[in-house]
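Spelled out from the first residue to the last, the chains are:
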Amino acid sequence: MSDHQEHNVLKVTNLMKRFGGLTAVNGVNFDFPKGQISAVIGPNGAGKTTFFNMITGIYVPDKGNIELDGESIVNIKPDRITSRGIARTFQNIRLFGSMTVLENVQVGMHIHLKTGIVGTLLNLPRVRHEEHDAQREAYRLLEYVGLAEWYNEEASSLSYGAQRRLEIARALAAKPKVLLLDEPAAGMNPRETSELTGLIRRIQQELNISIILIEHDMKLVMELSHHILVLDHGEKIAEGGPEDIRSNPKVIEAYLGKSAVEEEIQI
Ligand SMILES: Nc1ncnc2c1ncn2[C@@H]1O[C@H](COP(=O)(O)OP(=O)(O)OP(=O)(O)O)[C@@H](O)[C@H]1O
């Protein structure tokens, strides 16, 4: 095993994506360390979601490479990328609102179940067994994110913060090596954000999953992240630990404008 494979779960090289005349991501290089929390930050339109969409196979890069544990995942379909070990949540919550909380988690498991639709229709004993195990596992995940008591409610009846945690449980059901969280704290109140911070830290420490998050809540980013990638107009303008990023003039300028740097205002 090479040094790179041991330390970095995901390696992005010279990544580029254009939409017509607009270069949304422009030649970005970054190594995501295994088992740690990394953040991708930057002002609106910086290219963060486009970057995530390339990692998860929704967009094919125009140039560059993405390696998961040393193997390229460029040109692989999103569901295959999920089964290789990358799961995600979305900026806009995407749950099945009229399904129960438990069923939503079970949906996240289907990539690992052996049974197809025919087996389910025939109600084979092996199928019943597998579904029972899946339900137990789904319930365990709900306990993990603190939603077990609502397992039988419709997903749409949950509070906003709870729906975001349900999305995380569903992503965990795919047994990922890497979990991508797209603005997990968006729309949350301070109490929900602090619960979420604890949950993300537990997932990294207890489940040993590498986490990559896009987030505008700088307090959460600075508290949780080991490594931060800063994008602006599609380009990497900085990378480093929270302390480096907080005091980096290029980052301050990108967020607050040039005058802020002159006044030495810190984000
Ligand atoms: N499918 C698309 N077609 C055309 N342009 C797009 C598409 N997706 C993104 N863009 C453009 O690419 C640029 C980067 O967008 P992206 O959504 O990746 O930024 P972002 O950093 O995630 O922004 P935000 O913080 O507002 O979510 C923007 O100018 C956006 O308008």
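Each value, and the rule that gives it
Residues numbered from 1 in each chain as written. Predicted model: local features only at pLDDT ≥ 70, side-chain atom pairs only at ≥ 80, totals over all residues. Near = placed C-beta within 6 Å. Helix = DSSP H or I, 4+ residues; strand = E, 2+ residues; numbered from the N terminus. Nonpolar A, V, L, I, M, F, W, Y, C, P; charged D, E, K, R; others polar. Buried ≥ 20, exposed ≤ 12 C-beta atoms within 10 Å, placed from the backbone. Pairing = 2+ DSSP bridges. Axes fitted to C-alpha atoms, helices over the stretch in contact; angles between N-to-C directions. Contact = placed C-beta atoms within 7 Å. Arc of directions from axis to C-beta. Core = buried A, V, L, I, M, F, W, Y, C linked by C-beta atoms within 7 Å. Right-handed = clockwise from strand over helix to strand, strands pointing away.

**Student:** I would appreciate a short explanation of the site of the ligand in the present structure.
**Tutor:** Looking at the ligand, the residues that line it are F19, L22, A24, G42, N44, G45, A46, G47, K48, T49 and T50. Counting residues per element, the ones that place at least two in the shell around the ligand are β2 (22-33) and α2 (48-55). Ranked by residue count, the leading element in the shell around the ligand is α2, at 3 residues. Of the residues that constitute the shell around the ligand, the class distribution is 4 nonpolar, 6 polar and 1 charged.

**Student:** Would you mind showing me how to read helix α4 (residues 101-109) here?
**Tutor:** One turn of an α-helix holds 3.6 residues; hence residues three or four places apart share an orientation. The buried fraction of α4 is high, at 7 of 9 residues. Along α4, the residues that are buried comprise V101, L102, N104, V105, Q106, G108 and M109.

**Student:** So what exactly am I meant to see when it comes to the sheet that holds strand β10 (residues 235-240) here?
**Tutor:** As a general point, the strands of a sheet are linked pairwise by backbone hydrogen bonds and lie either parallel or antiparallel. On the basis of which strands lie adjacent, the open sheet formed by 6 strands has the order β6-β7-β8-β3-β9-β10 and mixed pairing. Among the strands making up the open sheet, the edge pair consists of β6 (86-88) and β10. Going across the sheet, the axis of each strand differs from the next one's by a mean of 20°, ignoring polarity. Bridging between β6 and strand β7 (residues 178-182) involves 3 bridges; their strand directions are parallel. When the sheet's bridge partners are listed, A87 is paired in β7 with L179. Together, β3 (37-41), β7 and β8 (210-214) form the strand contacts of helix α8 (residues 190-206), whose direction differs from that of β8 by roughly 150°.

**Student:** So what exactly am I meant to see when it comes to the environment of T89 here?
**Tutor:** By the secondary structure assignment, T89 is in the loop between β6 and α4. In sequence terms T89 and A171 are 82 residues apart; their C-alpha atoms lie 6.7 Å from each other. Among all residues touching T89, those that are not within four sequence positions of it are E167, I168, A171, L181, D182 and P184.

**Student:** Looking at this model, I keep getting lost on the environment of R84. Mind explaining?
**Tutor:** One can find R84 in helix α3 (residues 78-84). Every residue in contact with R84, bar those within four places of it in the chain, is listed here: L68 and I73.

**Student:** Explanation requested: the sheet that holds strand β4 (residues 63-68) in the structure shown.
**Tutor:** Spatially, the 4 strands line up as an open sheet ordered β2-β1-β4-β5, and their pairing is antiparallel. Looking at the sheet topology across the chains shown, the edges are occupied by β2 and β5 (71-72). Sheet topology places β4 next to β5; 2 bridges connect them, and they run antiparallel. Bridge pairing links E67 to S72 in β5.

**Student:** I keep staring at helix α11 (residues 249-256) and nothing clicks. Help me out?
**Tutor:** Every buried residue of α11 is accounted for by V251, I252 and A254. Projected down its long axis, α11 carries its buried residues within an arc of 160°, all on one side.

**Student:** Looking at this structure, how should I read the nonpolar core?
**Tutor:** Grouped burial of nonpolar side chains is what soluble globular proteins tend to show. Among the nonpolar cores identified, the biggest contains 66 residues, and L142, A169, L179 and I211 are the most heavily contacted of them. If near-sequence neighbours (up to four positions away) are discounted, A169 is found in contact with V105, L141, L142, Y144, V145 and L147.

**Student:** Explain unusual backbone geometry here, please?
**Tutor:** What is expected of a backbone is that most residues other than glycine have negative phi and most peptide bonds are trans. Positive phi values are uncommon outside glycine, yet D69 reaches one of about 45°. Inspection of the secondary structure puts D69 in the loop between β4 and β5. In this structure, K175 is a non-glycine residue whose phi angle is positive, near 50°. Note on K175: 17 C-beta atoms within 10 Å, which makes it partly exposed.

**Student:** What is the right way to read the pairing of β8 from this model?
**Tutor:** On a regular strand, each side chain points to the face opposite its neighbour's, so the side chains alternate between the two faces of the sheet. Most of β8 is tucked away: 5 of the 5 residues are buried. By the alternation rule, side chains of β8 split into S210, I212 and I214 and I211 and L213, which are all buried. Of the pairings in the sheet, the one linking β3 to β8 comprises 4 bridges and is parallel in character. Bridge pairing in β8 places I37 opposite I211. Across 5 bridges, β7 lies against β8 in parallel orientation. Note on β8: the bridge partner recorded for D182 is I214. Between the parallel elements β7 and β8, the chain passes through α8 in a crossover that is right-handed.

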